[in-house]
Amino acid sequence: MSEVIVVGGGAAGMIAAYAAAVKGHRVTLFEKNEKLGKKLYITGKGRCNITNAADLETILSHVVSNPRFLYSSLYGFTNQNMIELLNKEGLETKVERGMRVFPVSDKSSDVIRTLSDMLYRNGVRIYLNKKVSSLIVQESDEQNGGGDTLAGRKRDNVKCAGMKICTGVVTEDGRKRKADVVIVTTGGISYPSTGSTGDGYRFAEEAGHQITALSPALVPFTAEEEWVKDLQGLSLRNVNVTISSGKKKLYTDFGEMLFTHFGVSGPAILSGSSVCAKYLKKGKLTLHIDLKPALDREQLDARLLREFKDAKNKQICNVLGAVYPSSLVPVMLKVSGIVPEKVIHDVTREDRNRLIQNTKDLCITLNGLRGYNEAIVTQGGIKVKEINPSTMESKLVRGLRFAGEVLDLDAFTGGYNLQIAWSTGWAAGSTIEQ
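Nothing here was measured: the structure is a model prediction, and the numbers come from that model.

Engineer: Describe the layout of surface pockets, naming the residues involved and giving the relevant values.
Structural biologist: The volume enclosed by the second largest pocket comes to roughly 210 Å³. Val64, Ser65, Ala213, Ser215, Ser274, Val275, Ala277, Lys278, Lys281 and Gln379 together form the lining of the second largest pocket. Contributions of two or more residues to the lining of the second largest pocket are made by strand S4 (63–65) and helix H8 (267–280). The dominant element in the lining of the second largest pocket, judged by the number of residues it contributes, is H8, at four residues. Looking at the lining of the second largest pocket, its residues break down into four nonpolar, four polar and two charged.

Next comes the structure, spelled out in structure tokens:
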């Protein structure tokens, strides 16, 4: 039996603590918030998109940063394993559009309650409102792990002579807590109000790890055009979006988007931010929106002519409401250079062509991203080359493991990021030797 400390009571921390406890280890979990799973409460708009029910290769294809690193942990604890575990614990789940998995109750609190009950029943000692201020890391001159508290365990061919060793943590009250294994699951720096304030990055750096460049991800874009603000609150479904840098296409998706007072958001847009963040640092990008992807240009022209046929004496601004959402009509006329009061019988073929062009390719200049307080996840983190992908153990510090968002791992929306937390957390907790 090993003494295990888990730092952080989010998704990765709770599953890591549970996995270690069911293996027979003594587990203590420190959470600096007043409750477990604070960020989980707001995921999926409060419904908790637990995971995605797609096959594993599809899940990996939706991982943006370092998908190959996840092979071992994802196949070791799959999305189906997580669903079955929660079902066995009494939480019913359902699969919705895009293979997204939610609790039947549509309440994230039920997911957190289920996980909390699992921890308490398996003897995990949980300390809330208890912040860890630092790790206890010291030099070790032991050879090949022969003399540490988990004597004789193999270290995956990593030479241990001169390696550091983690022997516990120091809590904010100055008390030292000893452990054989410390698992850091403190998240990133997105939604700092939930307690994600970058503690894990500091712990890792102080232990000698590298932190890759950090950026908000799954976050709305800011836009340059003033007319975008006029569309605030407008949600578009079944549109095709493409983000480009000059002639280079960076990202494309089909789905839902939302106009805001500062730019654009919505599921199809948020995933694009994870791909395009690094390009935005070099310059502005262009968002191309196909408002009618089901129609080609000829079909769209025929649709306009049908609407115009019996409305020849009406103003065009009063006719296009049958083609576009009402709030979008003034914008489409403006970008197409058509006076709103123009009577239908005066609308030229060139006018229609400009409308068709902007319907199939409405362009918006993207000039930035919103901040971490609106980002669902953090892109960047602890360099995964310094982590064992099977156990989440540090290759630099014995007895130290990391899981979840604190690592340089992130994915698109749809339950993929939570699956990263479940899989890496399970790997961190379940592979600790007796």
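Engineer: Quick rundown of helix H1 (residues 11–22)? Include the residues and the values.
Structural biologist: Quick reminder: α-helices carry 3.6 residues per turn. Residues three or four places apart thus point the same way. Look at H1: 17 Å from first C-alpha to last across 12 residues, which is about the 16 Å you get at 1.5 Å a residue. Counting buried positions along H1 gives 11 out of 12 residues, so the element sits mostly inside the fold. Listed as buried for H1 are Ala11, Ala12, Gly13, Met14, Ile15, Ala16, Ala17, Tyr18, Ala19, Ala20 and Ala21.

Engineer: Help me get a handle on the sheet that holds strand S5 (residues 93–96), residues and values and all.
Structural biologist: The strand order S3-S6-S5 describes an open sheet built from three strands, whose pairing is antiparallel. The open sheet has two edge strands with one neighbour each: strand S3 (51–52) and S5. Note that S5 and strand S6 (residues 100–103) share four bridges and pair antiparallel. Within the sheet, the bridge partner assigned to Val95 lies in S6 and is Val101.

Engineer: Just give me the short version of helix H5 (residues 108–121), but keep the residues and values in it.
Structural biologist: Taking 1.5 Å of rise per residue, 14 residues should cover 20 Å, and H5 covers 20 Å from first to last C-alpha, within 8% of that figure. Inspection of H5 places Ser108, Asp110, Val111, Ile112, Thr114, Leu115, Ser116, Met118 and Leu119 among the buried residues, and these make up the whole buried set. Lining the buried residues of H5 we find H1, strand S2 (26–30), helix H4 (79–88), S6, strand S7 (125–127) and helix H12 (416–430). Of the residues flanking the end of H5, it is Gly123, one or two places downstream, whose phi is positive at about 80 degrees.

Engineer: Any chance you could break down the packing of aromatic side chains for me, citing the residues and the numbers?
Structural biologist: In this description, an aromatic ring pair is defined by two values, namely the gap between the centres and the angle between the planes. Enumeration over the complete set of coordinates arrives at five aromatic pairs. Their ring planes at 35 degrees and their centres at 5.4 Å tell us that Phe30 and Tyr127 sit as a pair that is tilted. Pair noted here: Phe30 is in strand S2 and Tyr127 is in strand S7, with a separation of 97 residues, a long-range link. Where Tyr251 meets Phe412, the ring centres are 6.1 Å apart and the plane angle is 75 degrees; that geometry is what we call edge-to-face.

Scoring rules and cut-offs
- Residues numbered from 1 in each chain as written.
- Predicted model: local features only at pLDDT ≥ 70, side-chain atom pairs only at ≥ 80, totals over all residues.
- Heavy atoms only, no water.
- 1 Å grid on protein atoms, 1.4 Å probe; cavity = no way out; pocket = protein on both sides within 12 Å on 5 of 7 lines; lining within 4 Å.
- Points joined across faces, edges and corners; volume = space filled by probe spheres on them.
- Helix = DSSP H or I, 4+ residues; strand = E, 2+ residues; numbered from the N terminus.
- Nonpolar A, V, L, I, M, F, W, Y, C, P; charged D, E, K, R; others polar.
- Expected span 1.5 Å × (residues − 1).
- Buried < 20%, exposed > 50% of the residue type's maximum accessible area, 1.4 Å probe, protein only.
- Pairing = 2+ DSSP bridges.
- Contact = heavy atoms within 4.5 Å.
- Phe/Tyr/Trp six-rings, centres within 6.5 Å; stacked < 30°, edge-to-face > 60°.

From the geometry alone we can't say anything about function, so treat these as descriptive.
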